[in-house]
Amino acid sequence: MNFPMEYQAVKAAALRLQLRTEAFIDGKFQKTQSEKTFVSENPATGKPLARIAACDAADVDRAVAAARRSFEGGAWSRMNPAGRKKTLLAFADLLEANAGELALLDTLEGGKPIGDTTAIDIPDTIHCIRWHAEIIDKIYHHVAPTAQENLGLVVREPVGVVACVTPWNFPAQLAAWKIGPALAAGNSVVLKPARFTSLSVIRMAELAAEAGLPPGVFNVVPGFGTTAGQALGRHPDVDMLTFTGSTEVGRIFLQYSSESNLKLVTLELGGKSPQVVFADAPDLDRVATQVIAGAFWNMGENCSCGSRLVVHRHIKDELLAKVAAQAGALKVGDPLDPGTRQGPMIEKPHMEKVLGYIETGRAEGARLVLGGRQTLRETGGYFVEVTLFDEVDNRMKIAQEEIFGPVLAVIPFSTEAEAVAIANDTAYGLAASLYTRDLGTAHRVARAIRAGTVSVNCFSEGDITTPFGGYKQSGFAGRDKSVWAHEQYTELKTIWMQLD
Ligand code: NDP
């Protein structure tokens, strides 16, 4: 389904959607054993959107069994890499043919502006699947430098059954970051999407089957973290679990693994990323635009959100005025409106949590410069104004904890050493950006900040060719995207031969 980017046309297209709401197991839609469902709502209206199958341990068992059968059967896991590439490229083509529908699903369930889902989320989802498809027949195994009478082959093999547990902030895209490399490597996958955002991923599984992925290779089990998510985390026949979400739940997955079969676990977690602006930063208007993108893209519901603006005292007031002016002009509204830049928070309790942090910021003595309230109450949705705090001390709660909302804390510094110390003074280490004209400063500070991605003179997570993941409590044992993501879905095997 495609549609012109015009408000009425987008709304009409949303009404025409046919929602798939069942689990996708062994190549087909299946009812859950309990027949239980849960309601997914539209956070822009607070109204119900769909009833989704609530998978529990019994359904997870069926999905894992289907994945195991397909893996052992070899139709996918032992297929020539060129064959897997062909099927995944066909999958990407089908995603592209249905890009408008996928964008609408993420907009309706996730409250994400349609301008973002059509221009960023779904194109990146498609590109990610294509990129990992393309790489798979270009990776070589290794021959070890052994003595003449031996041959040591070092080969990479798919891990087996890979479980993915994904969050609600980039539903299709973060699913693609997991399934792209996992499927390309020959694994079979069982994915549990966040309960707020199941629809695009269920549709993706259907399209994958249509593209020729054998039954059981890509299964989707919608449901709750504490039931379906836990069942995957503890399952004795899951070989690897890859998770994106909160640091708190990431820890629980390590526990599940240690208490079950020691499955491999990779975690992509939260952040409290600094945007460091030096006094010699070029073009403060442009810096302000980038700072706003870093802080408020996806309503701040972004793990790499640049939620701390660490700025040199000499330019703080000038930059703050520019950031406030640009941020104040961001249109908050219906995510189906192509003019909207800020949609709602994902759910009411999350909106209340964000508003609670804003209250804490005031109580801690930070100066509110912009926003700070719920807005558009009449819609029934969960909208929060774009919010800016000045005079923040890095020890304050709003500078230390992940708010996951449109709240930017401004923290001044005087010296490079102080800037680096503030940037590093959190439990997290996912991303950072810095702005300076000086190449030496850029290199020194980029190396000194303990974060998985540091962007210079822009806000960026890199692209599909670069790894993404965190230092410290922002990640564990792996990276999404790039060739390194591919490696984590494979095991290393040594084959040692005696030749005489
Ligand atoms: P969670 O970490 O709770 O959820 C992420 C995924 O894990 C969801 O699929 C969720 O299922 C599942 N899950 C939750 N609890 C368990 C459990 N005990 N066992 C197994 N699976 C579980 O994120 P939230 O949605 O609750 O958001 C809370 C905070 O997490 C945010 O405010 C933000 O700080 C952070 N976050 C970070 C993200 C990132 O990109 N790094 C993404 C999302 C959130 P269910 O759908 O039932 O919750």
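Because the structure is predicted, anything quoted here is derived from the model rather than measured.

Conventions we followed
- Residues numbered from 1 in each chain as written.
- Predicted model: local features only at pLDDT ≥ 70, side-chain atom pairs only at ≥ 80, totals over all residues.
- Heavy atoms only, no water.
- Buried < 20%, exposed > 50% of the residue type's maximum accessible area, 1.4 Å probe, protein only.
- Helix = DSSP H or I, 4+ residues; strand = E, 2+ residues; numbered from the N terminus.
- Contact = heavy atoms within 4.5 Å.
- Near = heavy atom within 4 Å.
- Polar contact = N/O pair within 3.5 Å; in protein donor to acceptor, adjacent residues only side chain to side chain.
- Areas by Shrake-Rupley, 256 points an atom, 1.4 Å probe, with all protein chains shown as cover.
- Expected span 1.5 Å × (residues − 1).
- Bend = angle between axes of the 7 residues up to and from the residue.
- Pairing = 2+ DSSP bridges.
- Axes fitted to C-alpha atoms, helices over the stretch in contact; angles between N-to-C directions.
- Parallel < 35°, antiparallel > 145°, perpendicular 65-115°, else oblique.
- Nonpolar A, V, L, I, M, F, W, Y, C, P; charged D, E, K, R; others polar.

Asker: Explanation requested: helix H14 (residues 416-424) in the structure shown.
Answerer: In an α-helix, one turn spans 3.6 residues, which is why side chains three or four residues apart end up on the same side. All of the buried residues along H14 are Ala419, Val420, Ile422, Ala423 and Asn424. Its buried side turned inward, H14 meets strand S12 (274-277), strand S13 (308-312), strand S18 (407-413), helix H15 (439-448) and strand S22 (471-472).

Asker: Even after reading the chapter, I still don't get the site of the ligand, so can you show me in this structure?
Answerer: Around the ligand, 27 residues are found, and the nearest of them are Trp168, Arg195, Gly225, Ser246 and Glu402. Separating a nitrogen atom of the ligand from a backbone N or O atom of Leu269 is a distance of 3.1 Å. Here the ligand, which alone exposes 850 Å², has 89% of that area covered by the protein. For the shell around the ligand, the secondary structure elements donating two or more residues are helix H8 (225-234), strand S10 (240-244), helix H9 (247-259) and helix H12 (348-364).

Asker: What is the right way to look at helix H11 (residues 313-328) in this model?
Answerer: Taking 1.5 Å per residue as the helical rise, H11 with its 16 residues ought to reach 22 Å, and the 22 Å between its terminal C-alpha atoms agrees with that figure. Along H11, the sharpest change in direction is near 25° and occurs at Leu319. When H11 is considered as a whole, its buried residues turn out to be Ile315, Lys316, Leu319, Leu320, Val323, Ala324 and Ala327. The elements touched by buried residues of H11 are S12, helix H10 (284-296), S13, strand S14 (367-370), strand S17 (387-390) and S18.

Asker: When you look at the sheet that holds strand S21 (residues 453-456) in this model, what are you seeing that I'm missing?
Answerer: Note on sheets: strands pair through backbone hydrogen bonds, and any given pair is parallel or antiparallel. Sheet architecture is open: 7 strands sit in the order S14-S17-S18-S13-S12-S20-S21, paired in mixed fashion. The two strands at the open ends of the sheet, each matched to only one other strand, are S14 and S21. On average, each strand axis in the sheet is inclined to that of its neighbour by 20°, with strand direction left out of account. Bridging between S14 and S17 involves 3 bridges; their strand directions are antiparallel. Residue pairing across strands places Arg367 opposite Asp390, the latter belonging to S17. The strands touched by H11 within the sheet are S12, S13, S14, S17 and S18, with S13 carrying the most contacts at an inclination of about 140°. Of the strands in this sheet, S12, S13 and S18 are in contact with H14, which crosses S18 at around 150°.

Asker: Would you mind showing me how to read the packing of helix H5 (residues 114-135) against helix H6 (residues 171-184) here?
Answerer: Each pair of packed helices gets described by two things: the angle between the helix axes and the distance between those axes. As a packed pair, H5 and H6 sit with axes 8 Å apart at the nearest point and diverge in direction by 5°. By the criterion of interaxial angle, the relationship of H5 to H6 is roughly parallel. Residue-level inspection shows Asp121, Ile122, Asp124, Thr125, Cys128, Ile129 and His132 of H5 in contact with H6, the latter providing Ala172, Gln173, Ala176, Trp177, Ile179, Gly180, Pro181 and Ala184. Of the residues belonging to the contact of H5 with H6, the class tally is 9 nonpolar, 4 polar and 2 charged.

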